[in-house]
Every structure is written in C-alpha cells, then in structure tokens.
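Summary of structural features
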Amino acid sequence: MQITVQRYGSFLLRYLKPQKRRVLLLALLLLTTIGLKVINPQIIRYFIDAAQTGSALDQLTTAAVLFLIFALIVQGLSVVATYVGENIGWYATNSLRGDLMKFCLGLDMSFHNEHTPGEMIERLDGDVLDLAIFFAQFIIRVLGNLLLLVGILFAMYLEDWRIGLALTVYSVISLVAFNQLRSVSVPHWKAARDASSNLFSFLEEQLSGTEDIRASGATDYVMHNLYRFNGQRLQKERKAGLMNTLVIQTWIALYGVGRILAFVAGFILFQQHAITLGTAYLIVYYTDAIFRPLREITNEIQNLQKAGGSIGRIEELYKIENKIKDTGTDHLPSGALAVEFDHATFSYNADDKILADLDFHLQPGQVLGLLGRTGSGKTTVTRLVFRLYEVTHGAIRLGGVDIRMVPLADLQHHIGMVTQDVQLFRASVRNNLTFFDTTISDEAIMRVLADLELMDWFSTLAAGLDTELESGGKGLSAGEGQLLAFTRVFLKNPGLVILDEASSRLDPATEQKIERAVDKLLKNRTGIIVAHRLATVQRADQIMVLEGGHILEHDSYDALAANPDSRFAELLRVGLEEVAA
C-alpha cells in the first residue's frame, strides 16, 4: 500500500487548520531560526578573513560576540518552537482520537462483535500515537529543515553558482533516494502495526478470562499463543527495522560523498585564488550544514513510515460502512409508545437467520413478557428496537413511526433499558446518572433517588452527587448498581422501557426494592420484559414465547396461562409452582 504525499498532506491540513494561529507562530519561529542559522556562518567567514588580513582586535571581538548572541537566540527559539510544535501535535491527535472514537461508537454492533476491545484500543491509541509524533516533529524537523536546506542553497548560489548547482543536484538526489526508500518501507510498518494490534487483542481477551483459564488449566495454551503473537510481532518489527537501517546506511554513504566534494571544491577554488580562506570554510560549513537537515529528515523517515502505516489503517477503518444510516427526520410522539414488529427478519448473513418473520403489536402502556430458551432471539429483539442492528427485512415501528425514519438521538431518548449488568463509569454520581446531561437539575436527581429508596445509600456519600464512582461500580452492591440504572431511566422519562432480567442475582430484600422500582417505572409507559425467570413476567399484559427466532406463541397472560396446551402454561406448572398456588 502506497501512502501518497497528498494523503499525508490531507491529514495535516484537516487537523492543523483549526490551529492556524499556533501554526503561524511556529512558522514564524522556524523562519527566524533558519535565517539566523544561514547568517551565522557569514559572521565566521568575516572573522576568518578579518583575522587573516590583520584587522583590529575590537572588530574581531565584535564579530565573535555577535556570533555567540545569534547562537544563543537560535537555541532559545528552537526550544520555543519545539514546545509549540508538541502542543500542535497533541491537539491534532487528540482531535483525531476523538473523531475515531465517535466514528467507532456510531458503527452498528456487528462491527463491535468482530473486533475486540484490545484491538480497538490499539487502533485508537497506538496508531494515533505514531501520528502524534508525525504531526509534531514533521513540522519542526522535516518542514523546518527543508526550509533550512533551501536557505543554505540560496546562500551558496550567492557565493558561486557552480557550487550552488552541485549542492542542489546532490540534495535532490538524496531526497529522491530517501523518498523511494520511504515508499518501500511503509507496508512493513503497517504490517508491524497490524501485528501489534493482534497482540493487544489477544492480551485483552485472555486477561478478561483469567479465572476460566486458570480453572480449566489452560495456562500453557495461553502462553504458547502469547509466544506466537509476540513472534509474529517481532518478525514484522524486524523487517521494518531493517528497512530503517537501509535508510540510515544510505544517508551515511551520501554524507561521505558530499563531504569529499565540499573539501575538493573548496581546495581547488582556494588554490586558484577564486575564493578567500573564509569562503572556503563557508563552503565546507554550508555543505556540512546541508547534511544536518538531511540527517534530521532521515531520522524522521522512520516516524514518517510509521505514520504511513497508521494512516493506512485509519483510512481502512473509515472505509467501513455503517449499516445503520442516521438520516431520519421524523420524531416519536411523547408518552407511552406502541411497538410494532411488521414481519421483521434479522440475520448476520444470508445463511443464518436469528429472527424470522416476527409480526406482533404492543399497545401503548401495555407490558410484554418475552420468554424463550437461550439463543431464541430475546435479546436480539431489544437490540433491534434500539437500532443497534438493522432488520434485514420488514420494519419496526414505535408510536406508528418506522424507527429508520427517526434520528438515532431521538430514538434513544424515547427508550430506556435496565439490564443485569449495569455499566458505571469513573465519574461523579451526578454524571453517572445523567450521562453528562447538564440540563438535568440536582433537584430532579434527588427526587428520583428518594422515590427509589436510595437516600440511605446517598447519605453515606462523602461528597454527595460530586462523589466519584470507580469504573465498573466498585464499592456498590449489585442492588445499588441496578437502582442507579433505574434512576437513569427515570431521569430520561422514556415512552418505552426494556427490562432485561433486572432483578436477578439479588437478595430477597433488595429484590423487593427493585420490584417496587419496576412498578413505578412501568406506570404509564410501555414495557418489554426479557425474562429468564417466570416471576418477572407476572405484571405482563402479553406473553410472547420465542423459539429458534420464531414466535412460538403470543397472547395475553391470562389466555396463555389458562390454556393447558400452551408452552407458557407448561412453564408455569414446571418452573413456577408458587404462581400456580
């Protein structure tokens, strides 16, 4: 894969344009520094020629002091330019990281099912980190040194056009050679990034399953695969490193040729009395100074190669087409929502139907109990309502509106979900409950906490709503975590509520709290209860039993319970004796 100059440039332009002032400041610093670096050797030439002709000591002293002052200014400006450049690099890559994160979060769940969190961390952080170096150092070292190179060549043309022409040809040959080597190296650095991504994906998967690995005695198997992934990464990194070594060796050879030409040309011209000794020194100095920008450019070739690999992988990511199109303009009505599946079919591929021809209607304010064996499609139904996946055929309507015609933000605002596994973030209690929605007042939060019987828990918080929660909800009981999830939904005030076995794995006292919260939450709202236990669907108006992605039976709770031949009645007899009593 070849990364063209235009593609490098498009990345630079896209993420540096918002920082125009910083970029202009950096350009001013670079131009000033370059100008001083070109002028300072002229002072040395004057010093040499003046000393050779016996000029006064005060003239020599003035030249020496002026040279030192310019040198100090160059060093100071270089420090400031480095600081500004690093800021530009980090602002740019933070913006890129945010764009990638937003893009990935917007992709449908089929993408996230195919890519592990470890792989995505490497994509969003590892690849972007290489670009941080590219954004910051490319401007300072590559662009700056290219300008320095032009300035030196211009100064040499002013001295002698023949020397200027020779050094121009030499510089062009060197840069062309480096560019060709860069093109050859980019695929190797991309392969190295891919191998690193595979390793991080493997590590994330294995570390998250540590208990199962140790319990099943699979440690040796895991270590074997770790060595395999590390070996693959080492192989790719070694090939990329060899290409970098080739670049360095090429530079060393060209550096030697250039110095030979400079010394020979200076000696010949001095012997012919065409130039002074100071000018001969100037030729050698400028020739050596040419190698400094070329050396810096060479040192950045590796970062440029890594950036090329990262840009390629980022572009591949951006080429992934989101199956969920957020182009709708209709809006859902307020209040309880009717739910309609109109012959809805869903499959990940043509050969594997997860749901087949689901056709049912749930009236506003009614509660549907969804039952079925593991893998029957219960959870898929709820994900389709959220448009985390798109139906393959048919349609889903809420409040009579096709959900594909509704903006995703509006759709998500009208649906609330509480599951067994509550995701809490490393943030304040307030932000965990409101998802950073600043329009929700503290008074509203406190009313809901009191309504859900959470004030005893709230009184233990040292900083109230500003108390920081740990990632994953450490320090909270399962019941407290789920009640916080209920608080989120209450604050959202949706028209449709989905409960995915929200009261499982709890002690009886806490479960009673949850049940009371469920009653309050479902009041004047439409509800879908995904039940793994029959006790949770006693409040349902309708019951639907799924099997193999099909509707096995669907009717009112009372009708199915009274029908001795129904699957639901059989489940009540076998799995819930207390209801029968």
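Residues numbered from 1 in each chain as written. Predicted model: local features only at pLDDT ≥ 70, side-chain atom pairs only at ≥ 80, totals over all residues. Heavy atoms only, no water.

1. Here's the deal with the overall build of the protein
- Summing up its helical and strand segments, the protein has 19 helices and 12 strands in all.
- For a compact globule of 581 residues, the expected C-alpha radius of gyration is about 25 Å, and the protein comes in at 35 Å, more than 25% above that figure.
- Out of the 581 residues in the protein, the part that is buried amounts to 47%.
- Residue pairs in contact within the protein that sit at least 24 positions apart in sequence constitute 76% of those at least 6 positions apart.
- Summed over all atoms, the accessible surface of the protein reaches about 29,200 Å², with 59% contributed by carbon and sulfur.
- Where the 53 positive side-chain charges of the protein centre and where its 63 negative ones centre are 9 Å apart. (Helix = DSSP H or I, 4+ residues; strand = E, 2+ residues; numbered from the N terminus. Rg over C-alpha atoms; globule rule 2.2 N^0.38 Å. Buried < 20%, exposed > 50% of the residue type's maximum accessible area, 1.4 Å probe, protein only. Contact = heavy atoms within 4.5 Å. Areas by Shrake-Rupley, 256 points an atom, 1.4 Å probe, with all protein chains shown as cover. Lys, Arg positive; Asp, Glu negative; His and termini not counted. Charge placed at Lys NZ, Arg CZ, Asp CG, Glu CD.)

2. Section: the pattern of salt bridges
- Counted under the stated rule, the structure contains 15 salt bridges.
- A salt bridge links R516 to E453; the shortest N-O distance between them is 2.8 Å. Of this pair, R516 sits in helix α16 (residues 508–522) while E453 is found in the loop between α13 (442–451) and α14 (455–458), placing the two residues 63 residues apart along the sequence.
- A relative accessible area of 30% means that E453 is categorised as partly exposed.
- Here R567 and E547 are joined by a salt bridge, their closest N and O atoms 3.0 Å apart. (Salt bridge = Lys/Arg side-chain N within 4 Å of Asp/Glu carboxyl O.)

3. A closer look at the layout of surface pockets
- Estimated volume of the largest pocket: approximately 2,000 Å³.
- Along the wall of the largest pocket there are 43 residues; nearest its centre are L105, L388, Q423, F425 and F435.
- Elements supplying a minimum of two residues to the lining of the largest pocket: α3 (57–106), α4 (109–114), α5 (117–159), α11 (408–413), β6 (415–419), α12 (429–434) and α15 (478–492).
- Within the lining of the largest pocket, the residues separate by chemical class into 25 nonpolar, 11 polar and seven charged. (1 Å grid on protein atoms, 1.4 Å probe; cavity = no way out; pocket = protein on both sides within 12 Å on 5 of 7 lines; lining within 4 Å. Points joined across faces, edges and corners; volume = space filled by probe spheres on them. Nonpolar A, V, L, I, M, F, W, Y, C, P; charged D, E, K, R; others polar.)

4. Observations concerning helix α8 (residues 219–271)
- In this model, α8 (53 residues) spans 76 Å end to end at C-alpha, consistent with the 78 Å of a helix rising 1.5 Å per residue.
- Two residues or fewer past α8, H273 is found with a positive phi of approximately 60 degrees. (Expected span 1.5 Å × (residues − 1).)

5. Focus on the sheet that holds strand β11 (residues 542–547)
- Strands sit in the order β6-β9-β10-β3-β11-β12 across an open sheet of six strands; the sheet is mixed. The open sheet is flanked by β6 and β12 (550–556), the only strands paired with a single partner. Taken over all neighbouring pairs, the strand axes of this sheet differ in orientation by 15 degrees on average, direction set aside.
- Sheet topology places β6 next to strand β9 (residues 496–500); five bridges connect them, and they run parallel. If you follow V418 over to β9, its bridge partner there is L499.
- Sheet strands in contact with α15 are β6 and β9, and its direction is about 175 degrees off that of β6. (Pairing = 2+ DSSP bridges. Axes fitted to C-alpha atoms, helices over the stretch in contact; angles between N-to-C directions.)

6. Observations regarding the packing of α13 against α15
- The geometry of α13 relative to α15 is characterised by a closest axis approach of 10 Å and an angle of 130 degrees between their N-to-C directions. In terms of orientation, α13 and α15 fall into the oblique class. Seen from above, α13 lies across α15 with right-handed handedness. Residue-level contacts link A444, I445, V448 and L449 of α13 to L484, T487, F490 and L491 of α15.
- Tallied by class, the residues present in the contact of α13 with α15 amount to seven nonpolar, one polar and no charged. (Parallel < 35°, antiparallel > 145°, perpendicular 65-115°, else oblique. Left-handed = near helix turned anticlockwise from the far one by under 90°.)

7. A look at the sheet that holds strand β4 (residues 393–398)
- The antiparallel open sheet is built from four strands, whose spatial order is β2-β1-β4-β5. The open sheet terminates on both sides in strands that have one partner only, identified here as β2 (352–362) and β5 (401–402).
- Relative to the sheet, helix α10 (residues 378–385) contacts β1 (339–349), β2 and β4, its axis offset from that of β2 by approximately 70 degrees.

8. A short note on the nonpolar core
- Counting 44 residues, the largest nonpolar core has L484, F486, L499, I543 and F568 as the members making the most contacts within it.
- Of the residues forming this core, the biggest block, seven residues, is contributed by α15.
- The residues contacting L499, other than those within four sequence positions of it, are V418, F486, V518, L521, L522, I528, I529 and V530. (Core = buried A, V, L, I, M, F, W, Y, C linked by side-chain atoms within 4.5 Å.)

9. So, the packing of aromatic side chains
- Scanning the model with the defined rule gives eight aromatic pairs in all.
- Their ring planes at 75 degrees and their centres at 5.2 Å tell us that Y557 and F568 sit as a pair that is edge-to-face. A residue pair is termed long-range when its members are at least 10 positions apart, and Y557 in helix α17 (residues 557–562) and F568 in helix α18 (residues 567–575) qualify at 11 residues.
- Given a relative accessible area of 12%, Y557 falls into the buried group.
- Taking relative accessible area as the criterion, F568 reaches 0% and is therefore assigned buried.
- One aromatic cluster is present, formed by Y281, Y285 and Y286 through successive ring pairs.
- Between R22 and the ring centre of Y91, over which it is positioned, the NZ or CZ distance is 4.0 Å.
- Sitting above the plane of the F229 ring, R228 keeps its charged end 4.6 Å from the centroid. (Phe/Tyr/Trp six-rings, centres within 6.5 Å; stacked < 30°, edge-to-face > 60°. Lys NZ or Arg CZ within 6 Å of the ring centre and 35° of its normal.)

10. A short note on a nonpolar patch on the surface
- Residues Y157, W161, L165, V169 and I173 make up a contiguous nonpolar surface patch of about 510 Å² in total accessible area.
- Structurally, W161 is set in helix α6 (residues 161–208).
- On the basis of relative accessible area, W161 is assigned to the exposed category, the value being 56%. (Patch = residues over 30% accessible without salt bridge, like charges linked within 9 Å, V, L, I, M, F, W, Y side chains within 5 Å.)

11. Details of the side chain of R488
- Structurally, the position occupied by R488 is in helix α15.
- Aside from chain neighbours lying at most four places away, what touches R488 is V422, Q423, L424, F425, N432, L433 and F435.

12. As for the packing of helix α2 (residues 20–52) against α3
- In contact at an axis separation of 8 Å, α2 and α3 are set at 160 degrees when each is read in the N-to-C sense. When the axes of α2 and α3 are compared, the pair comes out roughly antiparallel. As for how α2 packs across α3, the hand of that crossing is left-handed.
- Grouping the constituent residues of the contact of α2 with α3 by class yields 27 nonpolar, six polar and two charged.

13. So, the confidence of the model for the protein
- Taken over all residues, the pLDDT of the protein has a mean of 82, while the share at 70 or more is 91%.
- Of all helices and strands in the protein, the one with the weakest mean pLDDT is helix α19 (residues 577–580) (36), whereas β5 scores best (95). (pLDDT = per-residue confidence, 0-100.)

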